[in-house]
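What the coordinates show
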Amino acid sequence: MTAQPDPTATPEATVTPEPTAAPEGEVFTLVTSIDDVTAGDYVLYGVNGNYKGAMNNTVSSGHMGLTTVTVTDDTIVSPDSSVVWHMELADGVYTLYNEAAGKYCMISEDKTGGFSLGDEATYGYTIAAAPTAGSYYMTTTLSGSSRMISIYQNDFRPYGSGNWHDLFLYKRGGEAPDPTATPDPTATPDPTATPEPTAT
C-alpha cells in the first residue's frame, strides 16, 4: 500500500537569501572636498550631458578609453580594475597609475590626442576644485600646456578650460548603498481646511 503524505504537516517556509554586500575595499565614494583628494585608489568619472563614464586604461589615437559604470547614491561598487587608478602625491604633483595595465597615464603632448601610457610618470597632474560641486580640474604638468583630463563623448581627451567637461573623483573606501533599504512611505497631506462662511 502506498504511503500517503501527512495532511497535517506544515511545509517549510522558503528562506530568501540576504543580498550580498560588496567586499570591503570595493566601494568607491564621491570625493566632495579638495581636502580629501589624497593618495589612494580612484575612479575618474566624466559627465558631458548624456555622455557619462569612467576613464579606462586603453589609449587610441591619444584618447583614453571610456567604460560605463553604475553610480548609486554617490558610490561605485566593484568597478573593473581597468578603471581603477592609483594616485600618488609628491611636491604637489599627482601621478596616475593603473595596476591592471602596469602603466602611468599622462598628457604628454599639447593636443586633444595627447594622452599616452608609460612605464614611468614623466608628467603628472595638479588638481583644483572646479565650479561644479564635487568636480575637479586635473591639469597636466607638461611645460607650456594647460590641458586637463576631460570626457568627450565615448572617450576622454586632453582639453583646455574652454572645452572641458565635469570630472568627478570616486575614492576607494566607504560603504555600499543598503540594497534592503525601503523608502519612507509618502506622507498623506493634511486635508484642506474649509473656509469659514463670510459674516453677513
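The structure contained in this document is the topic of the report that follows. (Residues numbered from 1 in each chain as written. Predicted model: local features only at pLDDT ≥ 70, side-chain atom pairs only at ≥ 80, totals over all residues. Heavy atoms only, no water.)

**A short note on the overall build of the protein chain**
Assigned secondary structure in the protein chain consists of zero helices and 14 strands. When burial is assessed residue by residue, the protein chain has 35% of its 200 residues classed as buried. Taking the intrachain contacts of the protein chain between residues at least 6 apart in sequence as the baseline, contacts between residues at least 24 apart amount to 60%. Total accessible area on the protein chain is roughly 12,400 Å²; 49% of this is exposed by carbon and sulfur atoms. (Helix = DSSP H or I, 4+ residues; strand = E, 2+ residues; numbered from the N terminus. Buried < 20%, exposed > 50% of the residue type's maximum accessible area, 1.4 Å probe, protein only. Contact = heavy atoms within 4.5 Å. Areas by Shrake-Rupley, 256 points an atom, 1.4 Å probe, with all protein chains shown as cover.)

**Let's talk about the layout of surface pockets**
Counted as a void, the largest pocket has a volume near 170 Å³. Forming the walls of the largest pocket are Glu26, Asp41, Pro79, Ser81, Val84, Trp85, His86, Tyr97, Asn98, Glu99, Ala100 and Arg172. Taken together, the elements giving at least two residues each to the lining of the largest pocket come down to strand S6 (84-90) and strand S7 (93-98). Here the lining of the largest pocket takes three residues from S6, the largest share from any one element. For the lining of the largest pocket, the per-class residue count stands at five nonpolar, three polar and four charged. (1 Å grid on protein atoms, 1.4 Å probe; cavity = no way out; pocket = protein on both sides within 12 Å on 5 of 7 lines; lining within 4 Å. Points joined across faces, edges and corners; volume = space filled by probe spheres on them. Nonpolar A, V, L, I, M, F, W, Y, C, P; charged D, E, K, R; others polar.)

**Looking at the side chain of Ser82**
With respect to the element layout, Ser82 can be found in the loop between strand S5 (75-77) and S6. Look at Ser82 and you get buried, because its relative accessible area is 14%. There is a polar contact of 2.7 Å between the side chain of Ser82 and the side chain of Asp80. Sequence-distant contacts of Ser82, that is, excluding residues within four places in its chain, are made with Met55, Asn56, Asn57, Thr67 and Asn98. (Polar contact = N/O pair within 3.5 Å; in protein donor to acceptor, adjacent residues only side chain to side chain.)

**Concerning the pairing of strand S1 (residues 27-30)**
Side-chain positions along a regular strand alternate between the two faces of the sheet. One ladder, built from three bridges, connects S1 with S5; its direction is antiparallel. Among the inter-strand pairings, Phe28 is bridged to a residue of S5, identified as Ile76. Where S1 lies against strand S14 (residues 166-172), three bridges are found, and the strand directions are antiparallel. From the neighbouring strand, Phe28 faces S14, where its bridge partner is Arg172. (Pairing = 2+ DSSP bridges.)

**Observations concerning the environment of Asp166**
You can see Asp166 is positioned in strand S14. Considered as a pair, Asp166 and Ser150 are 16 residues apart in the sequence and their alpha carbons are 7.0 Å apart. In this structure the side chain of Asp166 is engaged in a polar contact, spanning 3.5 Å, whose partner is the side chain of Ser135.

**Some words on the pattern of salt bridges**
Taken as a whole, this structure holds six salt bridges when the rule is applied. For Arg172, the salt bridge goes to Glu26, with nearest N and O atoms at 3.3 Å. Of the two residues, Arg172 is situated in strand S14 and Glu26 in the segment before S1; the sequence distance between them amounts to 146 residues. As a salt-bridge pair, Asp155 and Arg157 come within 3.1 Å of each other at their nearest N and O atoms. Arg157 shares its class with Asp155; the two are buried. (Salt bridge = Lys/Arg side-chain N within 4 Å of Asp/Glu carboxyl O.)

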